[in-house]
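Here is how the chains run, residue by residue.
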Amino acid sequence: MTPDYWLERWQRGETGWHLPEINLHLRDWWPRLDLPAERLVFVPLCGKTLDLLWLASRGHRVLGVEISPLAVDEFFAEQGLTTEITDEPPFRRYRLDELTLLCGDFFALTPDHLLEVGAVYDRASLIALPPDLRPRYAQHLKTLMPDAASGLLITLDYDQNQMTGPPFAVHRDEIERLFGDRYAIRELATLDVLDDSPRFRQRGLTALTEQVWRLDPRGG
Ligand SMILES: C[S@@+](CC[C@H](N)C(=O)[O-])C[C@H]1O[C@@H](n2cnc3c(N)ncnc32)[C@H](O)[C@@H]1O
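Fair warning: this is a prediction, and the values are worked out from it, not measured in the lab.

Definitions and cut-offs
Residues numbered from 1 in each chain as written. Predicted model: local features only at pLDDT ≥ 70, side-chain atom pairs only at ≥ 80, totals over all residues. Heavy atoms only, no water. Axes fitted to C-alpha atoms, helices over the stretch in contact; angles between N-to-C directions. Helix = DSSP H or I, 4+ residues; strand = E, 2+ residues; numbered from the N terminus. Parallel < 35°, antiparallel > 145°, perpendicular 65-115°, else oblique. Left-handed = near helix turned anticlockwise from the far one by under 90°. Contact = heavy atoms within 4.5 Å. Buried < 20%, exposed > 50% of the residue type's maximum accessible area, 1.4 Å probe, protein only. UniProt positions renumbered as here; feature names shortened; annotations may be inferred. Polar contact = N/O pair within 3.5 Å; in protein donor to acceptor, adjacent residues only side chain to side chain. Pairing = 2+ DSSP bridges. Near = heavy atom within 4 Å. Areas by Shrake-Rupley, 256 points an atom, 1.4 Å probe, with all protein chains shown as cover. Nonpolar A, V, L, I, M, F, W, Y, C, P; charged D, E, K, R; others polar. Phe/Tyr/Trp six-rings, centres within 6.5 Å; stacked < 30°, edge-to-face > 60°. Lys NZ or Arg CZ within 6 Å of the ring centre and 35° of its normal.

Even after reading the chapter, I still don't get the packing of helix H5 (residues 134-144) against helix H6 (residues 172-179), so can you show me in this structure?
The description of two packed helices rests on the angle between their axes and on the distance between the axes. Remark: H5 packs on H6, axes separated minimally by 9 Å, with the N-to-C direction vectors making an angle of 45°. Put simply, H5 runs oblique to H6. Both H5 and H6 take part in a crossing whose hand is right-handed. Taking contact as the criterion, the partners of Arg134, Pro135, Ala138, Leu141 and Lys142 in H5 are, on H6, Glu174, Leu178 and Phe179.

Structure, rendered in structure tokens:
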């Protein structure tokens, strides 16, 4: 999945992952992370998710990164929001009050960008990436995240032989392999979501579950 793949999906309006409402798992589980309101939340591969606004509404400062300028433009335009825009190569920074979106490549972020992050929220980001890219994503995320930061991760699991991603299936053992060295991983919820996902049923899936994971820094 190259950047061009995602840029073209945004250009064609093929953004079936985008939810018209706040993610229910975020609403349910985020408060239990007990992250103080003033802490900064990192949202990698954020698209134009409304979850950015929900996190900001809880008092968090929010930092998203998204490669598609179209996604970022649509996010602010659809909310009727005007931002301050600055070029900070290789990123373009969009800032409105406590919300900052960096338009550019996640893999170009450096730890300096995330110095103050208290938690990461990943929904449909890890699972957007093919198997060969996921270790690189996890490794880079771990490099970026301050030691004490925690995380909420939402993934999908299904028989990868029944459908090609994205979204890709990610099993528990992979989550452990990717993040277990640094985080204690707790499965908060598993839900059968096949009935809510007719487009995936049409693509051949006979079973589909969604998992919510909590990541707590080991020794943190
Ligand atoms: C499946 S979507 C999920 C978006 C969002 N997390 C949500 O829940 O709506 C994946 C997003 O990652 C973006 N993306 C893919 N690769 C990226 C990269 N290397 N850096 C930044 N964004 C990227 C895509 O443009 C797309 O908007």
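It is not clear to me how H5 should be interpreted in this structure. Could you clarify?
A turn of α-helix holds 3.6 residues, and therefore any two residues three or four places apart point the same way. For H5, the set of buried residues is Arg134, Tyr137, Ala138, His140, Leu141, Lys142 and Leu144. Packed against the buried residues of H5 are strand S1 (40-44), strand S6 (117-123), H6 and strand S8 (183-192).

Help me understand the UniProt feature "binding site: S-adenosyl-L-methionine" (unreviewed entry) in the chain in this model?
Residues annotated by UniProt as "binding site: S-adenosyl-L-methionine" (unreviewed entry) correspond here to Trp10, Leu45, Glu66 and Arg123. Relative to the helices and strands, Leu45 resides in the loop between S1 and helix H3 (51-57). Among all residues touching Leu45, those that are not within four sequence positions of it are Val65, Glu66, Phe106, Ser125, Leu129 and Tyr137. By the element assignment, Arg123 lies in strand S6. The residues contacting Arg123, other than those within four sequence positions of it, are Trp17, Leu19, Asn23 and Ile154. At 2.9 Å, the side chain of Arg123 forms a polar contact with the backbone oxygen of Trp17.

Looking at this structure, I do not really get the pairing of strand S3 (residues 84-88). What am I missing?
Looking along a regular strand, one sees side chains alternate from face to face of the sheet. Of the strand pairs in this sheet, S3 and strand S4 (residues 91-96) are connected by five bridges, and their pairing is antiparallel. In the strand pairing of S4, Ile85 is matched with Tyr94. Between the antiparallel neighbours S3 and S4 lie two residues.

Help me out: how do you make sense of unusual backbone geometry in this one?
What is expected of a backbone is that most residues other than glycine have negative phi and most peptide bonds are trans. Backbone torsion omega between Pro89 and Pro90 reads 5°, so that peptide bond is classified as cis. Within the secondary structure, Pro90 sits in the loop between S3 and S4. Geometrically, the link from Gly165 to Pro166 is a cis peptide bond, its omega value of -5° lying close to zero.

Where do I start with the site of the ligand in this structure?
Taken together, 17 residues sit near the ligand, with Leu45, Glu66, Asp105, Phe106 and Arg123 positioned nearest. Within the contact set of the ligand, a nitrogen atom lies 2.8 Å away from a side-chain nitrogen or oxygen of Asp105. In isolation the ligand has 600 Å² of accessible area, and contact with the protein removes 95% of it. In terms of residue class, the shell around the ligand is made up of ten nonpolar, four polar and three charged.

Is there a simple way to think about the packing of aromatic side chains in this case?
Centre distance and the angle of the planes are the two values used to describe a pair of aromatic rings. For the structure on display, the rule yields ten aromatic pairs. Pairing Tyr5 with Trp6 gives two aromatic rings, centres 5.0 Å apart and planes at 90°, and the pair type is edge-to-face. Ring geometry for Phe76 against Tyr94: centres 6.0 Å apart, planes inclined by 10°, an arrangement best described as stacked. With Phe76 in helix H4 (residues 69-78) and Tyr94 in strand S4, the pair connects residues that are 18 residues apart, well separated along the chain. One exposure class covers both Phe76 and Tyr94, and it is buried. By the ring-pair criterion, three or more aromatic residues cluster together here, those being Tyr5, Trp6, Trp10 and Trp17. Positioned above the aromatic ring of Trp29 is the side chain of Arg32, whose terminal nitrogen or guanidinium carbon lies 4.1 Å from the ring centre. Arg136 extends its terminal NZ or CZ atom over the ring of Phe107, reaching a point 4.0 Å from the ring centre.

How should I be thinking about the packing of helix H1 (residues 3-11) against H4 in this particular structure?
For the pair H1 and H4, the least separation of the axes is 8 Å and the interaxial angle reads 40°. By the angle between their directions, the pair H1 and H4 is classed as oblique. For the pair H1 and H4, the contacting residues are Leu7, Trp10 and Gln11 in the first and Pro69, Leu70, Ala71 and Glu74 in the second.

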